[in-house]
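# Analysis of the macromolecular model
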Number of protein chains: 2
Amino acid sequence: MPRLSQRALALQESAIRKLDQRVAQQTGVRFFRVNIGQPDVPTPPPMLDAILSFQPEVIGYGPASGLPVTRKAAARYHAQWCPELRAEHVAVTTGGSEALLFAFTAICDPGDEILVLEPYYTNYNGFATVAGAQIRAVRTHLAQDFAIPSNEVLDAAVTERTRAIVFSNPANPTGAVYGRAEVERLATWAVQRGLFLIADEVYRRIWFHTPPASALELDEVCEHVVVIDSMSKTWSACGLRLGFLISRNTELMEKVERLGQARLGPQPLAQEVALAALDLPEAYYTQVRQTYQRRVEALTGTLSGVPGVTVPQPAGAFYSMIELPIDDSERFARWLVEDFRTAQGESVIVAPGPGFYADPSQGRHEVRLAAVLGAPLLERAGEVLAEALQVYPGRSSG
Amino acid sequence: MPRLSQRALALQESAIRKLDQRVAQQTGVRFFRVNIGQPDVPTPPPMLDAILSFQPEVIGYGPASGLPVTRKAAARYHAQWCPELRAEHVAVTTGGSEALLFAFTAICDPGDEILVLEPYYTNYNGFATVAGAQIRAVRTHLAQDFAIPSNEVLDAAVTERTRAIVFSNPANPTGAVYGRAEVERLATWAVQRGLFLIADEVYRRIWFHTPPASALELDEVCEHVVVIDSMSKTWSACGLRLGFLISRNTELMEKVERLGQARLGPQPLAQEVALAALDLPEAYYTQVRQTYQRRVEALTGTLSGVPGVTVPQPAGAFYSMIELPIDDSERFARWLVEDFRTAQGESVIVAPGPGFYADPSQGRHEVRLAAVLGAPLLERAGEVLAEALQVYPGRSSG
């Protein structure tokens, strides 16, 4: 049999998906699914209406970087963070995923390195693997509210091959929200080291007390900044697979256009839906924030009184990375799926912590919960998790 | 300014797209657009109806390798070439483009090489660049009906880093159709050299006299075979961005699943449309073949009597790579767009030959024409091209 590439062999099976296969084998269980960032919030009706109005004679290709009308609308929407933004600064991509892959590919050659604030969104690993780049993690800590590390700590992670630093804001999985001072310091540091700053802002509209600073606001360093956005979370359309790569670095955008040409254009139908999304009134975003604030409070409120459990208060996004009195979060997650049931036949599906660390020996006492269900369901999910902890055989004395 | 990756700098601007920009600057010209493989054949109504019936409450993620129902339907459809095919042998991808990128990435590490029968589909270059792989071209010739080169010629192109050979059948841009004996010889050769055979069969249903052999038919070597399919051409849905990667190599399919997990699942809406497509009656495919045969004959028929013009008779797909009495096909294509007009204000947009060769000094006397318009329009396009050749200042004496 012909051999596959080393990078293919290196691709980790997603712990989340592995668990999904075990879930599929269970019957008669009422699972609370808080492991995946797939909200049950209805997609706004104008977006669904846009699907109905797409009836061309021929479903034809669109341009590589997106339809002009979509790029213009995205620039107009993002102008609230950067008034200078023009259509040519926006490339439409197949999800935020492709935007990240394009950013990594345009910036890194095989063997180059990307710094990532850790814990981090698991799929950064996959994009780096495809691009042939190496992820180097820089740890953030719950005890410091997951603050961006000092310049000295960042410096210690830089090598000759480092080309960029990527972070999400608000952050997945920590729920941290970074304000202007922090983002500006990180950007200034990146510029001084000759690095790109890749800001994954797909949760930008989901914050609870103070808004995150968008890297788009940073005028002076704009040639170093790449921003990722997506229809998936704010607009509850994960399955639309539509995202944006935004940068005022025109040389970068020219290369992104060429990367886009290689795979032809993103789907015009999804872009029609995005146009409807970008046209929603400001009240929509207020409602989104309130919805997730209520949910996150329901989830963390139920758990924060439980002995041995440490529950950070997320400031944005819709995740919480909680610490549990357990031996091993992957074992615990499997046990929840296969062995634990409440008297009512319920259990919870959680995302084990190690999936969010570069070194899988980290995060063994943590799980990520996603507030993707209605508040009453999340409260019950918290209760079920608390009940499970009482009887889990691998409970540590903590 | 931070520097971009070497591979980004190496990405060629698509000659076809460059020409498009010049086209956009012209006014009052009636262009016959035969440069891009974007048919004007209407998308089958059941596919458009499928769009209308997609109204979920939440537009949610689907599985990484596609919805089970789509994979099953694709396996059932492709079972006419391989009765052993099962859902797990099919991964749904964002266009044939992503299927090619996944194949290249799963098979090649950076620096590895892929052989390609030349002239070839330009975008193979882009996928190889993203994957960090090198394209090595093996020439086929019009005088030999673009036959697959002998084993000796193939051997001469193999190095220690060669990992796969990719070809399209029916072929873009040559219109060649390879039968069972040829495909089997190529596959046997690939197996002996430890290579994967990547068969790009997106034009499989478009043939005029004898059908191509699908690499799916080759039972004994099936672990070496990867087949690419797509909704774009046969089903006239280029903009749907839906394709398939098919292989009975289960180790490869497992890695493709992981590559898919990194970018989350392909769009469920597009998969609903694909289900409608795969459910079309056999009569649909007969009609598609007849349509393109008529078109290709209209295009080549008009041109084959023109002095100095060599017009191969395509056996499938909908392209013809014709030889013209000109100094340089890129200059000729620009001149057609910017300077030449018939008395009725018409001109033609063609794809210059060098875009289909690894070495851009090749193909300078060739252009690719795509039979993507109705037969009467293609006849007129041929007449316009013939008229243009009479007055082109760079006409060679031939």
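Residues numbered from 1 in each chain as written. Chains lettered and ligands numbered in written order. Predicted model: local features only at pLDDT ≥ 70, side-chain atom pairs only at ≥ 80, totals over all residues. Heavy atoms only, no water.

### Digging into the overall build of chain A
Helix and strand counts for chain A stand at 13 helices and twelve strands. For chain A, whose C-alpha radius of gyration is 21 Å, the value lies close to the compact-globule estimate of 21 Å for 398 residues. In terms of overall dimensions, chain A has a C-alpha envelope of 55 × 55 × 50 Å along the principal axes. Counting across all 398 residues of chain A, residues that qualify as buried make up 65%. In chain A, the share of contacts with a sequence separation of at least 24, taken over all contacts with a separation of at least 6, comes to 75%. For chain A, the accessible surface area stands at approximately 14000 Å², while carbon and sulfur atoms represent 49% of it. Put simply, chain A has 36 plus and 44 minus side-chain charges, and the middle of one group is 3 Å from the middle of the other. (Helix = DSSP H or I, 4+ residues; strand = E, 2+ residues; numbered from the N terminus. Rg over C-alpha atoms; globule rule 2.2 N^0.38 Å. Buried < 20%, exposed > 50% of the residue type's maximum accessible area, 1.4 Å probe, protein only. Contact = heavy atoms within 4.5 Å. Areas by Shrake-Rupley, 256 points an atom, 1.4 Å probe, with all protein chains shown as cover. Lys, Arg positive; Asp, Glu negative; His and termini not counted. Charge placed at Lys NZ, Arg CZ, Asp CG, Glu CD.)

### A look at the relation of the copies chain B and chain A
Of the transformation superimposing chain B on chain A, the axial component is 0.0 Å and the angular component is 180 degrees, with the fit at an RMSD of 0.0 Å. On this basis, the relationship between the two copies can be described by a two-fold rotation axis. The rotation axis passes nearest to the C-alpha of Leu52 of chain B in chain B, at a distance of 2.6 Å. Most of the interface of chain B is mirrored in chain A, where 99% of its interface residues are also at the interface. (Least-squares fit on C-alpha atoms with pLDDT ≥ 70 in both.)

### Some points on the packing of aromatic side chains
For the structure shown, the criterion picks out 32 aromatic pairs over all chains. Between the aromatic rings of Phe318 of chain A and Tyr319 of chain A, the centroid separation amounts to 4.9 Å while the plane-to-plane angle is 50 degrees, which identifies the pairing as tilted. The class of Tyr319 of chain A is buried, set by a relative accessible area of 2%. Between Tyr120 of chain B and Tyr124 of chain B the ring centres are 6.2 Å apart and the planes differ by 5 degrees, which places this aromatic pair in the stacked class. Classification of Tyr124 of chain B by relative accessible area gives buried; the value is 1%. (Phe/Tyr/Trp six-rings, centres within 6.5 Å; stacked < 30°, edge-to-face > 60°.)

### Some remarks on the environment of Pro46 of chain B
Position of Pro46 of chain B among the secondary structure elements: in helix α3 (residues 45-52). Residues Pro46 of chain B and Arg248 of chain B, 202 residues apart in the sequence, show an inter-C-alpha distance of 30 Å.

### Looking at the sheet that holds strand β7 (residues 225-230) of chain B
Through backbone hydrogen bonds, the strands of a sheet pair up, either in parallel or in antiparallel fashion. All names here are of chain B. Strand order in this open sheet of seven strands is β2-β8-β7-β6-β5-β3-β4, and the pairing throughout is mixed. Of all the strands in the sheet, just β2 (90-93) and β4 (134-139) have a single pairing partner and so form its edges. Averaged over all pairs of adjacent strands, the angle between their axes in this sheet comes to 25 degrees, without regard to strand direction. In the packing of helix α9 (residues 250-262) onto the sheet, the strands contacted are β2, β7 and β8 (243-246), and the crossing angle to β2 comes to about 25 degrees. (Pairing = 2+ DSSP bridges. Axes fitted to C-alpha atoms, helices over the stretch in contact; angles between N-to-C directions.)

### With respect to the interface of chain B and chain A
Every contact between the two is made by 78 residues of chain B and, on the other side, 77 residues of chain A. Between chain B and chain A lies a buried interface of about 7000 Å² when both sides are counted; carbon and sulfur atoms form 58% of it. At the boundary of chain B and chain A, one finds zero salt bridges. The tally of links between chain B and chain A comes to 43 residue pairs in polar contact (both at pLDDT 80 or more). At seven residues, the largest contribution of residues to the side of chain B that touches chain A is made by α9 of chain B. Residue classes in the side of chain B that touches chain A are distributed as 40 nonpolar, 23 polar and 15 charged. (Buried area = accessible area lost by both parts, 1.4 Å probe. Salt bridge = Lys/Arg side-chain N within 4 Å of Asp/Glu carboxyl O. Polar contact = N/O pair within 3.5 Å; in protein donor to acceptor, adjacent residues only side chain to side chain. Nonpolar A, V, L, I, M, F, W, Y, C, P; charged D, E, K, R; others polar.)

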